[in-house]
Amino acid sequence: FTTRETTLTMSEVRASHLLVKHQGSRRPASWRDPDGAVITKRSKAAALDELEAYREQIESGAVTFADLAAKVSDCSSAKHGGDLGFFGPGKMQKAFEDGAFALQVGEMSGVIDSDSGVHIILRTA
């Protein structure tokens, strides 16, 4: 199977993510910044730099994905260490879904850009 054929035949994946919102995000506010005071001033470039720094911390072993997501993710899934649970095709924004389904279990993505902001995704099942 090619990656695309495998993606089409997989029914569900489970993934966690860490989201950094920026001024271009479709909803520039979060549980960490309810009024968007910080997010509306954060450029996409700054969000990407922040996300890359988080990715490096995880890869170096300085912090676990779940612990860091719980502290810094702009998604409400932060309260679950970034865990989004199981989801199938059509349940997430296309860029996010494509990124999650392309990963192997235990693999962490590079930067995924969606209407919500920029993410790193960890596929957990």
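Peer 1: I tried to follow the confidence of the model for the chain on my own but got confused; where do I start?
Peer 2: Interpretation of this model should avoid reading the predicted coordinates in detail wherever pLDDT is low. In the predicted model, the chain carries a mean pLDDT of 93, and 92% of its residues have values of at least 70. Confidence drops under a pLDDT of 50 for residues 1-9, and excluding neighbours within four residues, the segment shows two contacts in the predicted structure.

Peer 1: Would you mind going over the nonpolar core with me for this structure?
Peer 2: Buried together is how nonpolar side chains tend to be arranged in soluble globular proteins. Of all hydrophobic cores here, the largest spans 15 residues; its most connected members are Leu 18, Val 20, Ile 58, Phe 65, Leu 68 and Ile 120. Breaking this core down by element, the ones donating at least two residues are strand E1 (13-20), helix H2 (44-60), helix H3 (65-72) and strand E4 (117-123). Excluding residues that lie within four positions of it along the chain, Leu 18 makes contacts with Leu 51, Tyr 54, Phe 65, Leu 68, Ala 69, Val 72, Ser 73, Val 118, His 119 and Ile 120. Grouped together as the second largest cluster of nonpolar side chains are nine residues, Val 13, Phe 101, Ile 112 and Ile 121 included.

Peer 1: So what exactly am I meant to see when it comes to H3 here?
Peer 2: Structurally, the α-helix is built with 3.6 residues per turn, so residues lying three or four positions apart point the same way. Buried residues of H3: Phe 65, Leu 68, Ala 69 and Val 72, and no others. Each buried residue of H3 sits inside an arc of 100 degrees when the element is viewed along its axis, so together they form one side. Tucked inside the fold, the buried residues of H3 contact E1, H2 and E4.

Peer 1: For this particular structure, what's the right way to read the pairing of E1?
Peer 2: Walk down a regular strand and you will see the side chains alternate between the two sheet faces. Across the eight residues of E1, seven count as buried, placing the element largely inside the fold. Where E1 meets strand E2 (residues 83-87), three bridges bridge the pair, whose relative direction is antiparallel. When the bridges of E2 are listed, Val 13 appears paired with Phe 87. Pairing geometry for E1 and E4, over six bridges, is antiparallel. Across the sheet, the residue bridging to Leu 19 is His 119, located in E4.

Peer 1: For this particular structure, what's the right way to read the packing of H2 against H3?
Peer 2: What describes two packed helices is the angle between their axes and the distance between those same axes. The N-to-C vectors of H2 and H3 enclose an angle of 150 degrees; their axes lie 9 Å apart at closest approach. If you check the angle between H2 and H3, you find them roughly antiparallel. Of the two elements, H2 crosses H3, and the hand of that crossing is right-handed. Along the contact surface, H2 presents Tyr 54, Gln 57 and Ile 58, while H3 presents Phe 65, Leu 68 and Val 72.

Peer 1: For this particular structure, what's the right way to read the sheet that holds E1?
Peer 2: Sheet strands line up and pair through hydrogen bonds in the backbone, either parallel or antiparallel. If you trace the four strands from one edge of the open sheet to the other, you get E2-E1-E4-E3, paired in antiparallel fashion. The two strands at the open ends of the sheet, each matched to only one other strand, are E2 and strand E3 (112-114). Here the strands of the sheet are splayed against their neighbours by 40 degrees on average, with no regard to which way each runs. Packed on one face of the sheet, H2 meets E1, E3 and E4 and runs near 20 degrees to E4. Relative to E4, helix H4 (residues 94-102) is tilted by about 25 degrees, and along the sheet it contacts E1, E2, E3 and E4.

Calculation criteria
Residues numbered from 1 in each chain as written. Predicted model: local features only at pLDDT ≥ 70, side-chain atom pairs only at ≥ 80, totals over all residues. Heavy atoms only, no water. pLDDT = per-residue confidence, 0-100. Contact = heavy atoms within 4.5 Å. Core = buried A, V, L, I, M, F, W, Y, C linked by side-chain atoms within 4.5 Å. Buried < 20%, exposed > 50% of the residue type's maximum accessible area, 1.4 Å probe, protein only. Helix = DSSP H or I, 4+ residues; strand = E, 2+ residues; numbered from the N terminus. Arc of directions from axis to C-beta. Pairing = 2+ DSSP bridges. Axes fitted to C-alpha atoms, helices over the stretch in contact; angles between N-to-C directions. Parallel < 35°, antiparallel > 145°, perpendicular 65-115°, else oblique. Left-handed = near helix turned anticlockwise from the far one by under 90°.

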